[in-house]
Amino acid sequence: MLKQRGAALPDGWSKPMSRIELRNVNKFFGDVVAVRDFNLEIEDKEFLVLLGPSGCGKSTALRLIAGLEEPTSGEIIIGDDVVNDVEAKNRDIAMVFQSYALYPHMTVRRNIEVPLKTRKIPKRERDELIAEAARWLDLEPLLNRRPAELSGGQRQRVALARAIVRRPRAFLMDEPLSNLDAKLRVKTRAELVSMHRELARTFVYVTHDQVEAMTMATRIAVINDGALQQVGPPQSVYERPANTFVAQFIGSPPMNVVRGTLVRDGEAFAIDVPGGRIPLPPSLGPTAAAASRADLLVGVRPEHLSFDGGPVRAQVRVVESLGHERHVICDLSPDEFAIVRLAADEPAPSVGDTVGLTAHPEHIHLFNPETTERVS
Amino acid sequence: MRDAGLIGEASATSSLRVRTRRNARLREALFALVLLAPSIALFSTFAFYPLIKTFYLGFFRSDPFGLSASYVGFDQYIDVLGSDRFHRSLFTTGLFALFTVPTGLVLGLGLALLAHQKLRGMIIYRTIFSSTVATSVAVASVMWLTLLNPSIGIINYGLKETGFEPINWLGDPEWALPAVSLTTIWLNLGFTFIVILAGLQTIPEELHESAKVDGAGAVSRLFNVTLPMLSPTLLFSVVVLTINAFQSFGQIDLLTQGGPLDRTNVIVYSIYTEGFRNFNEGVAAAQGVALFFIVLTLTLIQFRFLERRGFYGN
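Residues numbered from 1 in each chain as written. Chains lettered and ligands numbered in written order. Predicted model: local features only at pLDDT ≥ 70, side-chain atom pairs only at ≥ 80, totals over all residues. Heavy atoms only, no water.

Things to note about the overall build of chain B
Alright, step 1. Helix and strand counts for chain B stand at twelve helices and two strands.
Alright, step 2. Moving toward the C terminus, one meets the helices and strands of chain B in the order α-β-β-α-α-α-α-α-α-α-α-α-α-α.
Alright, step 3. By the compact-globule yardstick of 20 Å for 314 residues, chain B is too spread out, its C-alpha radius of gyration being 28 Å.
Alright, step 4. By its C-alpha atoms, chain B is 110 × 70 × 30 Å across when sized along the principal axes.
Alright, step 5. A buried classification covers 38% of the 314 residues belonging to chain B.
Alright, step 6. By element, 68% of the accessible surface of chain B is carried by carbon and sulfur atoms, the whole surface being about 18200 Å².
Alright, step 7. The averaged location of the 20 negative side-chain charges in chain B is 12 Å from the averaged location of its 22 positive side-chain charges. (Helix = DSSP H or I, 4+ residues; strand = E, 2+ residues; numbered from the N terminus. Rg over C-alpha atoms; globule rule 2.2 N^0.38 Å. Buried < 20%, exposed > 50% of the residue type's maximum accessible area, 1.4 Å probe, protein only. Areas by Shrake-Rupley, 256 points an atom, 1.4 Å probe, with all protein chains shown as cover. Lys, Arg positive; Asp, Glu negative; His and termini not counted. Charge placed at Lys NZ, Arg CZ, Asp CG, Glu CD.)

Some remarks on helix α9 (residues 218-247) of chain B
Alright, step 1. Along its 30 residues, α9 of chain B runs just 37 Å from first to last C-alpha, ending more than 12% under the 44 Å computed at 1.5 Å per residue.
Alright, step 2. The sharpest bend along α9 of chain B comes to roughly 55 degrees, located at S231 of chain B, with the proline P232 of chain B sitting one to four residues further on. (Expected span 1.5 Å × (residues − 1). Bend = angle between axes of the 7 residues up to and from the residue.)

A closer look at the environment of L129 of chain A
Residue and element names in this part refer to chain A.
Alright, step 1. Within the secondary structure layout, L129 lies in helix α3 (residues 123-136).
Alright, step 2. Considering only alpha carbons, one finds L129 and I164, 35 residues apart in sequence, at a separation of 9.5 Å.
Alright, step 3. Excluding residues that lie within four positions of it along the chain, L129 makes contacts with L116, V165 and R167. (Contact = heavy atoms within 4.5 Å.)

Comments concerning the nonpolar core
Alright, step 1. If you look at the biggest cluster of nonpolar residues, it comprises 85 residues, and the most contacted ones within it are I20, F38, L50, M95, L172 and V204 of chain A together with I196 of chain B.
Alright, step 2. Here the element with the most residues in this core is α9 of chain B; it accounts for ten residues.
Alright, step 3. Beyond its immediate chain neighbours, meaning those up to four positions away, L50 of chain A contacts L40, K58, A61, L62, V204, Y205, V206, T207, A221 and I223 of chain A.
Alright, step 4. Ranked by size, the runner-up nonpolar core spans 48 residues in total, among them L139, L142, A159 and V237 of chain A. (Core = buried A, V, L, I, M, F, W, Y, C linked by side-chain atoms within 4.5 Å.)

Observations concerning the domain arrangement of chain B
Alright, step 1. Assigned domains of chain B: these are domain 1 (2-40) and domain 2 (78-307).
Alright, step 2. Computed over C-alpha atoms only, the centres of domain 1 of chain B and domain 2 of chain B are separated by 54 Å. (Domains from an automatic or database assignment.)

Regarding the packing of aromatic side chains
Alright, step 1. Across all of its chains, the model carries 22 aromatic pairs over all chains by this definition.
Alright, step 2. On the basis of an interplanar angle of 75 degrees and a centroid distance of 6.1 Å, the ring pair of F55 of chain B and F293 of chain B is categorised as edge-to-face. Pair noted here: F55 of chain B is in helix α1 (residues 2-57) and F293 of chain B is in helix α12 (residues 281-306), with a separation of 238 residues, a long-range link.
Alright, step 3. Assessed through its relative accessible area of 27%, F55 of chain B is described here as partly exposed.
Alright, step 4. Taking the relative accessible area as the measure of exposure, F293 of chain B reaches 40% and is therefore partly exposed.
Alright, step 5. Considering the side-chain rings of F59 of chain B and F74 of chain B, the 5.1 Å spacing of their centres and the 85 degrees angle between planes classify their relative orientation as edge-to-face. Of this pair, F59 of chain B sits in the loop between α1 and β1 (60-62) while F74 of chain B sits in the loop between β2 (68-71) and α2 (75-82), and the two are 15 residues apart along the sequence.
Alright, step 6. Among the aromatic residues, ring-to-ring pairing joins Y56, F59, F60, Y71, F74 and Y77 of chain B into one connected group.
Alright, step 7. The aromatic ring of Y103 of chain A is capped on one face by R162 of chain A, whose charged end is 5.0 Å from the ring centroid. (Phe/Tyr/Trp six-rings, centres within 6.5 Å; stacked < 30°, edge-to-face > 60°. Lys NZ or Arg CZ within 6 Å of the ring centre and 35° of its normal.)

Some remarks on helix α8 (residues 205-213) of chain B
Alright, step 1. Along α8 of chain B, the positions that sit buried rather than exposed are L207, H208, E209, S210, A211 and V213 of chain B.
Alright, step 2. Phi turns positive, to about 105 degrees, at G215 of chain B, one or two residues after α8 of chain B.

Focus: a positive patch on the surface
Residues and elements named next belong to chain B.
Alright, step 1. Positive charge collects at one region of the surface, where R17, R19, R21, R22 and R25 lie side by side.
Alright, step 2. Note on placement: R19 falls in helix α1.
Alright, step 3. Residue classification places R19 among the partly exposed residues on the basis of a relative accessible area of 47%. (Patch = residues over 30% accessible without salt bridge, like charges linked within 9 Å, V, L, I, M, F, W, Y side chains within 5 Å. Salt bridge = Lys/Arg side-chain N within 4 Å of Asp/Glu carboxyl O.)

Quick word on the interface of chain B and chain A
Alright, step 1. The partner chain A presents 26 residues to the 20 residues of chain B that form the contact.
Alright, step 2. Taken together, both faces of the contact between chain B and chain A bury some 2000 Å²; the carbon and sulfur share is 57%.
Alright, step 3. Remark: the boundary between chain B and chain A carries two salt bridges.
Alright, step 4. Taken together, the links from chain B to chain A amount to nine residue pairs in polar contact (both at pLDDT 80 or more).
Alright, step 5. For the side of chain B that touches chain A, the secondary-structure elements that each account for two or more residues are α8 and α9 of chain B.
Alright, step 6. Ranked by the residues each element gives to the side of chain B that touches chain A, the list is headed by α8 of chain B, at seven residues.
Alright, step 7. When the residues that make up the side of chain B that touches chain A are grouped by side-chain class, the tally is nine nonpolar, seven polar and four charged. (Buried area = accessible area lost by both parts, 1.4 Å probe. Polar contact = N/O pair within 3.5 Å; in protein donor to acceptor, adjacent residues only side chain to side chain. Nonpolar A, V, L, I, M, F, W, Y, C, P; charged D, E, K, R; others polar.)

Digging into the side chain of T183 of chain B
All names here are of chain B.
Alright, step 1. With respect to the helices and strands, the residue T183 is situated in helix α7 (residues 176-201).
Alright, step 2. A residue is classified by how much of its surface remains accessible, and T183, at 0% relative accessible area, is buried.
Alright, step 3. When sequence neighbours within four positions are dropped, the list of residues in contact with T183 reads A140, S141, W144, L148 and L255.

Side note on the domain arrangement of chain A
All names here are of chain A.
Alright, step 1. Each assigned domain of chain A is listed with its residue range as follows: domain 1 (20-247) and domain 2 (254-367).
Alright, step 2. Of note, the centres of domain 1 and domain 2, computed from C-alpha atoms alone, are 39 Å apart.
Alright, step 3. Taken together, the six residues of domain 1 in the interface contact eight residues of domain 2.
Alright, step 4. Around 590 Å² of area is buried between domain 1 and domain 2 when both sides are counted, 58% of it from carbon and sulfur atoms.
Alright, step 5. In terms of surface lost to domain 2, no three residues of domain 1 exceed Y238, T244 and A247, which account for 75% of the buried area on that side.
Alright, step 6. Counting across the domain 1 and domain 2 interface gives zero salt bridges.

A few points about the environment of L148 of chain B
Residue and element names in this part refer to chain B.
Alright, step 1. In this structure, L148 sits in the loop between α5 (137-147) and α6 (154-161).
Alright, step 2. Separated by 40 residues in sequence, L148 and N188 have C-alpha atoms that sit 18 Å apart.
Alright, step 3. For L148, the residues in contact, after removing those within four places along its chain, are I155, W169, L170, A179 and T183.

Describing the packing of α5 of chain B against α7 of chain B
All names here are of chain B.
Alright, step 1. Between α5 and α7, the least distance of the axes is 10 Å, while the angle of their chain directions is 135 degrees. When the axes of α5 and α7 are compared, the pair comes out oblique. As for the relative orientation of α5 and α7, their crossing is right-handed in sense. Contacts between α5 and α7 involve V137, A140, S141, M143 and W144 from the former and L182, T183, W186 and L187 from the latter.
Alright, step 2. Among the residues forming the contact of α5 with α7, the class breakdown is seven nonpolar, two polar and no charged. (Axes fitted to C-alpha atoms, helices over the stretch in contact; angles between N-to-C directions. Parallel < 35°, antiparallel > 145°, perpendicular 65-115°, else oblique. Left-handed = near helix turned anticlockwise from the far one by under 90°.)

Some remarks on the confidence of the model for chain B
Alright, step 1. Across chain B, the average pLDDT comes to 88, with 93% of residues at or above 70.
Alright, step 2. Per-element averaging of pLDDT across chain B places β2 of chain B at the bottom with 79 and α7 of chain B at the top with 95. (pLDDT = per-residue confidence, 0-100.)

Digging into the sheet that holds strand β13 (residues 276-279) of chain A
Residue and element names in this part refer to chain A.
Alright, step 1. Pairing is antiparallel in the open sheet, where five strands are placed in the order β13-β12-β11-β14-β19. Each of the sheet's edge strands pairs with one partner strand only, and the pair in question is β13 and β19 (364-367). Neighbour-to-neighbour, the strand axes of this sheet turn through a mean angle of 40 degrees, independent of strand direction.
Alright, step 2. Bridging between strand β11 (residues 256-265) and strand β14 (residues 295-300) involves six bridges; their strand directions are antiparallel. Looking at the pairing, V258 lines up with V298 of β14. (Pairing = 2+ DSSP bridges.)

Laid out in structure tokens, this is it:
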């Protein structure tokens, strides 16, 4: 899609810093809290993904940055300026919507031209900028078509062309891939990453798809119930989730989280869970003990459990094959179960077998059962 | 021999299949006819028969008692359609449409744009603005008869209070048509408002938001997003309002009876006068046929343009 242009960017791309900050931002719709006490700094040229389930407030947060919603309280800062009172059109940002929001009565050329025309850019310059954007996104043969005559992927490229044509200092994207089929989504994902690299601009991207977040973001901001849960690079969010929501929202299948009790096992610490006892590594025991409570939530990702006759007894309920891997669902007790991920070539137990599970000690996560926050 | 037998069997099977298919199609057609029968009966009684009868009556001149007396073929059509009286009536109707349609459309659009705002209590305004759709022509005409009354009407009272001369709205040949038009605009406003508001609600909010982010102000959004997206609805309203204007009768009959000096004698009122006052059934029928073709043309224009609406699907 995007043609490689090397490091040289055309004139007009040197822009002031496009750092974005939301400081103590709240947004209420009547009694409904959409965004709660949001404090988020997005660095210049960063690709930040706002990730969360439907209705968690991520799109509202994006719309607050865009100027399409006014915060109930708090400050929105773009560059060095507080922009709460600045209209959307004056924030120098571009937005790509989930539905692409193309004007159906206009040709592709006119759609791309709109942001230039509204800024009264002379015709000659407009034509040059449109030609350039069309070249970048391989839209040249489609310039005289209308949106109804384009495929989903082509419409998405037109939406991107309309966003880049006026060279804004930041791009806001609200689930732009969700209307594409799976194959095109994978392709476009990679193209957006290279577009971010080439344009060297701040990207704020909203999605509920953790795969998009993990593959595209330089940092992920996980949101739930209008509140920020964790902000960090994808790998760090995956490896050290801040609470059980993040732990179970990121990762597929989700992290196994079961109730346990901290016990002393000689000199070391261990956790009693349904089905047996998990010894804690020396690094984790004192931390858990410092939480000064015996009851804890124990989290282990499915790939960090193995069937090697370990201390936790479980009965195999289901074995699911996904081709490249298998998920084995094991009952630890009538109420608790765990999922184990196996590579396709690893031997899997049969349904009904009683197995011994081992949790890899360096990948055990402990959470406070009251606050659900991480304690280790 | 065996091959010939097989071929014979195959051809018998194939002809059986053709017959079965034909029977199935016949049954389907009969079933469709049964389903359509009530509509066909209603349309035949109240639309097709009167239409054909009107065409037919136009070929006969009426005697002074209103009975079809002599067959004159197309002569009567030629006479009526070429007459000054018909031309004047057509002109009056055109003027009436010119007064009512653009003004009604602009007012309806304005009110719809106001009522489309997401503001508290807007539902009350929406109810008020659309209320005229539930008002009968008779009630509206009587109400406006009072409002436009030269002595006790509130409009003349307002004119006097602001230093203007009072106007004999319905009695002055210069003012009668504008006064009837005013009543008609008010009467149609509810319909226009509802149709345009419905059209506005179908425009995806994201288009406005995208335009906002792209730098478009309120006026630019109105002309570059709202109006183009609304154009099929506006066209539909124009055509319906024009057809309404060409078919107006009630308010004319109740307010001016076509006068003064035939200044409000629109086509339908002229048909009524010829048919039911002058008992010129043939002339009324010929004018009715002319009106039918005018309305048909307008409807075809509407269909033609509305077909292009598919273009707007995203």
